[in-house]
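# Geometric and topological summary
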Amino acid sequence: MLYEMSKLNESDKYRLLTSCIVPRPIAWVTTIDTQGIVNAAPFSFFTGVSIEPPLVIFAVERRKGEKKDTIVNIENTKEFVINLVTEKTVKQMNETSPDYEPEIDEMQSAKLTPIRSHFVKPPSIKESPIHLECTLDQVIEIGSSPHSLVIGKVEYITVEDELIDDDRISMKDLQAVGRLGGKWYTETTSLFELDRLDWRKKEV
């Protein structure tokens, strides 16, 4: 099947792209507004883009042409936290995904526990084992149905002690969850290791 993207509507493009770009990590983002109300929302167009400086990026789409609370809060406060989604928290993550009114605290609705972050004002989610505390680097507006590309500088990372094995994060114990197309998600229960090849080594 061949798809010519210019002939597809926005909804069809979304379904196709999100089914091809898989699995995707989930940025479970907590922010705070100028009145102190906490917002939590998941975004699956998310990845790391740089090591020095340590930068991450995620995309926030519009809702009926209006900016979501997440991007409004980030633009106002210049801070946010990315919390990792695991098998234990995926249902609560899903409960924070609807478009609540700005005055609604999604963490309270999803029975999540806010904890004080080390560097930024937005709280981290206690139930998440890893938190990336970020300051805003820049926001780039793209597309005809605008998306805000948020680039953040990671200032602090908190990892549960139980996940550290020989100075590395144990992938087996982490049990991270990834986003697929449609209603599908994936668990990281079937893992394998593969050594990276070194092009400088030649066969004898």
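Scroll up to find the structure.
Residues numbered from 1 in each chain as written. Predicted model: local features only at pLDDT ≥ 70, side-chain atom pairs only at ≥ 80, totals over all residues. Heavy atoms only, no water.

Regarding its fold elements, the protein chain presents five helices and 13 strands. Its C-alpha radius of gyration of 18 Å places the protein chain within 12% of the 17 Å reference for a compact globule of 204 residues. The distance from the centre of the 25 positive side-chain charges to the centre of the 34 negative ones in the protein chain is 5 Å. (Helix = DSSP H or I, 4+ residues; strand = E, 2+ residues; numbered from the N terminus. Rg over C-alpha atoms; globule rule 2.2 N^0.38 Å. Lys, Arg positive; Asp, Glu negative; His and termini not counted. Charge placed at Lys NZ, Arg CZ, Asp CG, Glu CD.)

A word on the pattern of salt bridges. Applying the stated criterion across every chain, the model contains four salt bridges. The partner of K7 in a salt bridge is E4, and the shortest N-O contact between them spans 3.4 Å. The class of E4 is partly exposed, set by a relative accessible area of 44%. (Salt bridge = Lys/Arg side-chain N within 4 Å of Asp/Glu carboxyl O. Buried < 20%, exposed > 50% of the residue type's maximum accessible area, 1.4 Å probe, protein only.)

With that out of the way, let us pick up the nonpolar core. The biggest cluster of nonpolar side chains holds 22 residues, and the ones touching the most others in it are V29, V56, F58, F80, I82, L132 and V150. Take this core: its biggest share by element is four residues, from strand 8 (residues 130-142). Beyond its immediate stretch of four places on either side in the chain, I82 contacts A27, W28, V29, F46, V56, F58, I130, H131 and L132. I32, V90, M93 and L112 belong to the second largest nonpolar core, which has 13 residues in total. (Core = buried A, V, L, I, M, F, W, Y, C linked by side-chain atoms within 4.5 Å. Contact = heavy atoms within 4.5 Å.)

Read from one edge to the other, the open sheet built from seven strands follows the order 2-1-5-8-9-4-3, with strand pairing classed as antiparallel. One side of each edge strand has no neighbouring strand; the edge strands of this open sheet are strand 2 (38-43) and strand 3 (46-50). Across the sheet, the mean angle from the axis of one strand to that of its neighbour is 35°, orientation sign disregarded. Where strand 1 (residues 27-32) meets strand 2, six bridges bridge the pair, whose relative direction is antiparallel. By the bridge assignment for strand 2, I32 is matched with V38. Sheet strands touched by helix 2 (residues 69-77): strand 1, strand 2, strand 4 (55-61), strand 5 (79-83), strand 8 and strand 9 (147-159). Its angle to strand 1, the strand with the most contacts, is close to 55°. (Pairing = 2+ DSSP bridges. Axes fitted to C-alpha atoms, helices over the stretch in contact; angles between N-to-C directions.)

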